[in-house]
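Coordinate inspection notes
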Amino acid sequence: LLVIIIFAPIIYFTDKGPVFYNAERVGKNGKVFKMFKLRSMKVNAPDIRNADGSTYNGANDPRVTKVGRFMRKTSIDEFPQFLNVLKGDMSLVGYRPERKYFVDKIVAINPDYELLYKMRPGVFSKATLYNGYTYTMEKMLKRLDMDLEYLYNHSLWQYFKIIFLTLLS
């Protein structure tokens, strides 16, 4: 909460506009929910698309503010997701929720993605810890394998280990 209190005015005063960004994601039981993030892009940033139709999200994205670049690098923009945990849309550990656009593409290749709907998505994820953020279909399918492994073999020990190792990284 302290991080949000500190960064909210910085976001607002450096790039007038909303402090939060509500990203639509697919969660438990396939239900779409609004995942809260601190806004890291300029207000009314144009939607830049890659050749495959996905949203551009490159390392030097000109739409990202200076503060946003720092928040993304340190994952500070993700802190509001703890509000999603309190709301019941997310858990601390689970699979990282994805946009419906990508869920549809993944399911077309591997329908087992829908098995993830048995659990809540997480702020922390084994797949993100070991596979990083995913920008390609190949990495998304690798992440899916890791998420399914967590679904079938999770334990209290693994839950806390994922949180601990993520905080250390």
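In what follows, the structure referred to is the one given above.
Residues numbered from 1 in each chain as written. Predicted model: local features only at pLDDT ≥ 70, side-chain atom pairs only at ≥ 80, totals over all residues. Heavy atoms only, no water.

**Examining the overall build of the chain**
Inclusion rule: Think of it this way: any DSSP run of H or I at least four residues long counts as a helix, any run of E at least two long counts as a strand, and we number them from the N terminus. Restricting the calculation to C-alpha atoms gives the radius of gyration, and the globule rule supplies 2.2 Å times the number of residues raised to the power 0.38. Exposure classes here rest on a 1.4 Å probe applied to the protein chains alone. A residue is buried below 20% of its type maximum, exposed above 50%, and partly exposed in between. Contact criterion: two residues are considered in contact whenever any of their non-hydrogen atoms come within 4.5 Å of each other.
Looking only at helices and strands, the chain has seven helices and four strands in total. The helix and strand sequence of the chain, counted from the amino end, reads α-β-β-α-α-β-α-β-α-α-α. Whereas a compact globule of 169 residues would reach a radius of gyration of roughly 15 Å, the chain reaches 16 Å, a difference of no more than 12%. Expressed along its principal axes, the backbone C-alpha trace of the chain runs to roughly 45 × 40 × 30 Å. Put simply, the chain has 169 residues, and 43% of those count as buried. When contacts within the chain are restricted to residue pairs at least 6 apart in sequence, those whose partners lie at least 24 apart make up 64%.

**Description of the pattern of salt bridges**
What counts, and what does not: For salt bridges, the criterion is a side-chain nitrogen of Lys or Arg within 4 Å of an Asp or Glu carboxyl oxygen.
Taken as a whole, this structure holds 12 salt bridges when the rule is applied. The residue glutamate 24 makes a salt bridge to lysine 34 at a minimum N-O spacing of 3.3 Å. Residue glutamate 24 is located in strand 1 (residues 20-26), and its partner lysine 34 is located in strand 2 (residues 32-38); the two are separated by 10 residues in the primary sequence. For glutamate 24, a relative accessible area of 47% gives the class partly exposed.

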